[in-house]
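# Coordinates in review
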Amino acid sequence: MPLGTPLLPELLLLAAGVVLLYGGAELLVKGAADLALGYGLRASTVGVTVVAFATTAPELFVSILGAVTVSTDIGLGAIVGSNVANIGLVLGVSALIRPLDVSETVFERQVPFMVLAAVLLVALGWDGRLGAVDGVVLLAALAAFTYVVIRRVQQTQSEISEVEREGMPDAGAAEAAYVLAGLVTLLVGSRWLITGGESLLAAFGFSDLFIGLTVLALGTSLPELAASVVAAVRGEASFSVGNVVGSNIYNVLAVIGLLALVTPVGVAPGVRAFEFPMLLAFTALAVGVMWWRKRVTRLDGAVLVAAYVGFVYLLLP
C-alpha cells in the first residue's frame, strides 16, 4: 500500500507520540533524579532504581493501554522488544560513545534480578499464557528486588559525608511538578504512539506482535536511550549501565506483572520459538560482556548494536 494522504494522520500521530514520550520522559527523569539525589541516593542507585523506573513508564502505559484497547500482543511485543533494544541499542550506543565501567554493586545485586526476570517471563509464558497467578509471581519477584534495593540504600546512607550532602540538590515542589508533568505527557504520548503505530503498520498488513516488537519497542526505549547516552557523555558510566539493568527488571516484573493481572496475555508459538530465545540470548550476552572485564568497551558496544540490527532484520516478514 503506497504512502498517500490517507496515512498522513497516522504518520503525524506516530511522530507526535514519540516526541511527547521523549519530552515526558525527560521531565520525569529530571524530577525523579533530583528528588532522589535530594534524599541522599548515589548516582548508581538512582540509575538502577528511580530513573530506570521512570523511563519504564512509557512501556507501562503502552503495554496496559495497548492490551486493553488493541491487543495483548502489543504489550508483550513492546516489552520483549524494549528489553532487547535496551541491551543491543541503548547499552551498545552508550558504550560506543564512551566505555562503561560496571560497578560491583550493580553486577552482584541488580544483574541477577535482570536474569531472573527474563527467565521467569520465558518459564511462565511457555505454556502459551500469562495469567493472574503468573502476574503475582512476577510482582513478588519485584517486591524482593525492591527489598534488596532498600537495604542497599540504608547501608549507604551512613557512608555519605556532610560535604556530599551539602552538594545535593534540594528536593521540593518544583521537582514534584516535573514528575507530574512528565507522567501526564507520557500518558498522552503513549496513547498517540499506540494509535498511530498500530494503524500505520496494520495498513501494511503487519501483525500486532511485529508492531509491538519494533516501532513501539523502539519508541518506548527512547527515554532509556536519551538518559543513558547523556550519562555516557557526562562520564556517569554506572548511571548508564544501571538504567539499562533496572529498566529491564521493571519492564518484566512490574509491567508484565501488572498486565497479566489486568488481562490474560496469550503467548503465541512463534514468540516461544523466536522472541523468547532472543530475549534470553541478549540477556546472556549483556551478562557475559559485563562479567568479562567488568567493563563494556567500544568493541562490545559495536557487537551489541550489530546484534540488535540482526534481530530487527530477522523480524522482517
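Values in this document were obtained by computation on a predicted structure and should not be read as measured data.

## Points about the packing of helix 11 (residues 269–293) against helix 12 (residues 298–315)
One can describe the packing of helix 11 onto helix 12 by two numbers: an axis separation of 11 Å at closest approach and a directional angle of 175°. With respect to helix 12, the element helix 11 is oriented roughly antiparallel. Here Phe274, Glu275, Met278, Phe282, Leu285, Val289 and Arg293 of helix 11 come into contact with helix 12, specifically with Asp300, Leu304, Ala307, Tyr308, Phe311, Leu314 and Leu315. Among the residues making up the contact of helix 11 with helix 12, the classes are represented as eleven nonpolar, no polar and three charged.

## A word on the confidence of the model for the protein chain
Detailed reading of the predicted coordinates is not advisable wherever pLDDT is low. In the predicted model, the protein chain carries a mean pLDDT of 80, and the fraction of residues at 70 or more is 79%. Low pLDDT, under 50, characterises residues 1–5; the stretch is placed with seven contacts to residues that sit more than four places away or in other chains.

## What to know about unusual backbone geometry
In most cases, non-glycine residues show a negative phi, while peptide bonds are predominantly trans. Not every positive phi belongs to a glycine, and Lys294 is a case in point at roughly 55°. Mapping Lys294 onto the fold places it in the loop between helix 11 and strand 4 (295–296). A relative accessible area of 36% places Lys294 in the partly exposed class.

## A closer look at the pattern of salt bridges
Taken as a whole and assessed by the stated rule, the structure comprises two salt bridges. Note that Asp101 and Arg295 form a salt bridge whose closest N and O atoms lie 2.8 Å from each other. Linking Asp101 in strand 1 (residues 100–101) with Arg295 in strand 4, this pair joins segments that are 194 residues apart in sequence. Owing to a relative accessible area of 42%, Asp101 belongs among the partly exposed residues under this scheme. Look at Arg295 and you get partly exposed, because its relative accessible area is 34%. Of the charged contacts, one joins Asp300 and Arg293 as a salt bridge, the two residues approaching to 3.5 Å between their closest N and O atoms.

## Re helix 5 (residues 104–125)
Between its first and last C-alpha, helix 5 extends 31 Å over 22 residues, near the 32 Å set by a 1.5 Å rise per residue. At Gln110, helix 5 shows its largest bend, some 40°, and a proline, Pro112, comes one to four positions later.

Calculation notes
- Residues numbered from 1 in each chain as written.
- Predicted model: local features only at pLDDT ≥ 70, side-chain atom pairs only at ≥ 80, totals over all residues.
- Heavy atoms only, no water.
- Axes fitted to C-alpha atoms, helices over the stretch in contact; angles between N-to-C directions.
- Helix = DSSP H or I, 4+ residues; strand = E, 2+ residues; numbered from the N terminus.
- Parallel < 35°, antiparallel > 145°, perpendicular 65-115°, else oblique.
- Contact = heavy atoms within 4.5 Å.
- Nonpolar A, V, L, I, M, F, W, Y, C, P; charged D, E, K, R; others polar.
- pLDDT = per-residue confidence, 0-100.
- Buried < 20%, exposed > 50% of the residue type's maximum accessible area, 1.4 Å probe, protein only.
- Salt bridge = Lys/Arg side-chain N within 4 Å of Asp/Glu carboxyl O.
- Expected span 1.5 Å × (residues − 1).
- Bend = angle between axes of the 7 residues up to and from the residue.

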